Amino acid sequence: MNTLTVPFLSFQPQHVAVREEIMAAVGRVYDSYWYVLGDEVKKFEQAYCDFNQVTHTVGVANGLDALVLALRVLEIGPGDEVIVPSNTYIATWLAVTQVGATPVPVEPNPATSNLDPSLIAAAITPRTRAIMPVHLYGQACEMGAIMALAAEYNLYVVEDNAQAQGAAFNGQITGSFGAVNGTSFYPGKNLGALGDAGAVTTNDDALDQKVRVLRNYGSQQKYYNEVVGYNSRLDELQAAVLEVKLRHLPEWTRQRQQVAAWYDQHLAGIAGLRLPVIAKGATHVYHLYVVHTPKREALQQHLTAQGIGTMIHYPVPPHRQQAYATMQLPSGSFCIAEELAATCLSLPMYPGMSEEQVKAVAANIYNFKD
């Protein structure tokens, strides 16, 4: 038995590599005496525009706020419905609820865990205003079919790109398809800040301007407020850190994809263990490497005992959360999401992982006996 311990996540390899650059950026902000909505935010917003191949990036406080502001500027609210995945982190649904609209869940493709385009049309009603695809675990959704449906039914698309910075579908990068889109820079994301942070992306000049007003108390000019806005601003320190990290993101993505390739190789052929599947035309940046097994709890306990860190993304689908009990969606309402929640297990994944570590994880899975 390979006894090498492997944490689920370690920032150490990334942060050691960029420490001098990060410290220089932090020092620059500290000495600037300007800490909110200054030159560092502008610099990062432009850099992220270039990376994400969009015209506008608006830095905001976090990923949930990014989605809320995206829906707000599209004037989606009470009486409206938004198509959401039944299989996602709850923030996707919360954004819809927070603007007063109703989340309408649609099941995922069980192979990819992403929203199944073939099931969307049946969920569309006269009240539907938007589709919110989530590029879950780092894999791009099947955006060709989703965009075609949106055009056919005259709906907005708002991408939740929190887990997939740099992924693409048919060569187009995620976060650039929708009318307006949200992403998160929570520390554990592929592009992570040193605290909460997020951004809205769009190619629409008018929507960009509306987001900028909403994020800053509904104001363009200090103390003059045009609309009822939010305090949701990306601060200078996080922007400076993110701009440094963004330069390294392509290499970190390459490393994640290499780790995934090692997993694919060393986990091949294990009975009852389903490995990630990538849809035709999609790329995967492996925010997470998620396997599925009906013996999930026992396997997780076994790996924990051997010093292998794992997590479950996510153990309870949104429709089964107490927060959405009023929707009265009992067990069995969305069987695919419930089955994925009961069988998913996220294995260690981060830039800087070695093949030796992957082999250690695989060896312990091979030796698992329920």
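As the structure is a computational prediction, the values presented were derived from the model and not from experiment. (Residues numbered from 1 in each chain as written. Predicted model: local features only at pLDDT ≥ 70, side-chain atom pairs only at ≥ 80, totals over all residues. Heavy atoms only, no water.)

A.B. asks: Lay out the nonpolar core with the relevant residues and their values.
C.D. replies: With 28 residues, the main nonpolar core has Leu71, Val82, Met132 and Val180 as its most contacted residues. Elements with a minimum of two residues in this core: strand 1 (56-60), helix 3 (63-73), strand 2 (81-85), helix 4 (91-98) and helix 6 (205-215). It is helix 3 that contributes the most residues to this core, 7 residues altogether. When near neighbours in sequence (up to four residues on either side) are disregarded, Leu71 contacts Ile76, Val82, Ala95, Val96, Val99, Met132 and Val158. Core analysis: the next-biggest nonpolar cluster, separate from the first, contains 26 residues, Leu273, Leu299, Leu345 and Val361 among them. (Core = buried A, V, L, I, M, F, W, Y, C linked by side-chain atoms within 4.5 Å. Buried < 20%, exposed > 50% of the residue type's maximum accessible area, 1.4 Å probe, protein only. Helix = DSSP H or I, 4+ residues; strand = E, 2+ residues; numbered from the N terminus. Contact = heavy atoms within 4.5 Å.)

A.B. asks: Just give me the short version of the environment of Arg215, but keep the residues and values in it.
C.D. replies: Structurally, Arg215 can be placed in helix 6. Here Arg215 falls in the buried class, since its relative accessible area comes to 7%. C-alpha separation for the pair Arg215 and Gly332, spaced 117 residues apart in sequence, amounts to 39 Å. Setting aside residues up to four positions removed in sequence, Arg215 forms contacts with Leu37, Val41, Glu45, Val58, Gly59, Val60, Leu69, Tyr230, Asn231, Ser232 and Arg233. Within the structure, the side chain of Arg215 is placed 2.8 Å from the backbone oxygen of Gly59, a separation counted as a polar contact. (Polar contact = N/O pair within 3.5 Å; in protein donor to acceptor, adjacent residues only side chain to side chain.)

A.B. asks: Tell me about helix 1 (residues 12-32), and name the residues and values.
C.D. replies: Taking 1.5 Å per residue, 21 residues should reach 30 Å; helix 1 reaches 28 Å between its end C-alpha atoms and fits that length. Of all the bends in helix 1, the largest measures some 65° and sits at Arg19. Buried residues of helix 1: Gln14, Val18, Ile22, Ala25 and Val29, and no others. The inward-facing, buried residues of helix 1 abut helix 2 (39-52) and helix 7 (236-266). Phi turns positive, to about 65°, at Tyr33, one or two residues after helix 1. (Expected span 1.5 Å × (residues − 1). Bend = angle between axes of the 7 residues up to and from the residue.)

A.B. asks: Any chance you could break down the domain arrangement of the protein chain for me, citing the residues and the numbers?
C.D. replies: Once the domains are mapped, the protein chain shows domain 1 (11-106 + 113-244) and domain 2 (249-367). Taking only C-alpha atoms, the centre of domain 1 and the centre of domain 2 are 24 Å apart. On the domain 2 side, the residues contacting the 33 residues of domain 1 number 33 residues. Both faces combined, the contact of domain 1 with domain 2 buries some 2,900 Å², and carbon together with sulfur accounts for 64% of it. The interface formed by domain 1 and domain 2 includes 0 salt bridges. Here domain 1 and domain 2 share 15 residue pairs in polar contact (both at pLDDT 80 or more) between them. (Domains from an automatic or database assignment. Buried area = accessible area lost by both parts, 1.4 Å probe. Salt bridge = Lys/Arg side-chain N within 4 Å of Asp/Glu carboxyl O.)

A.B. asks: Describe the environment of Val211, listing the residues and the values that go with them.
C.D. replies: Position of Val211 among the secondary structure elements: in helix 6. Placed 24 residues apart in sequence, Val211 and Asp235 show a C-alpha to C-alpha distance of 16 Å. For Val211, the residues in contact, after removing those within four places along its chain, are Val58, Leu69, Val73 and Val200.

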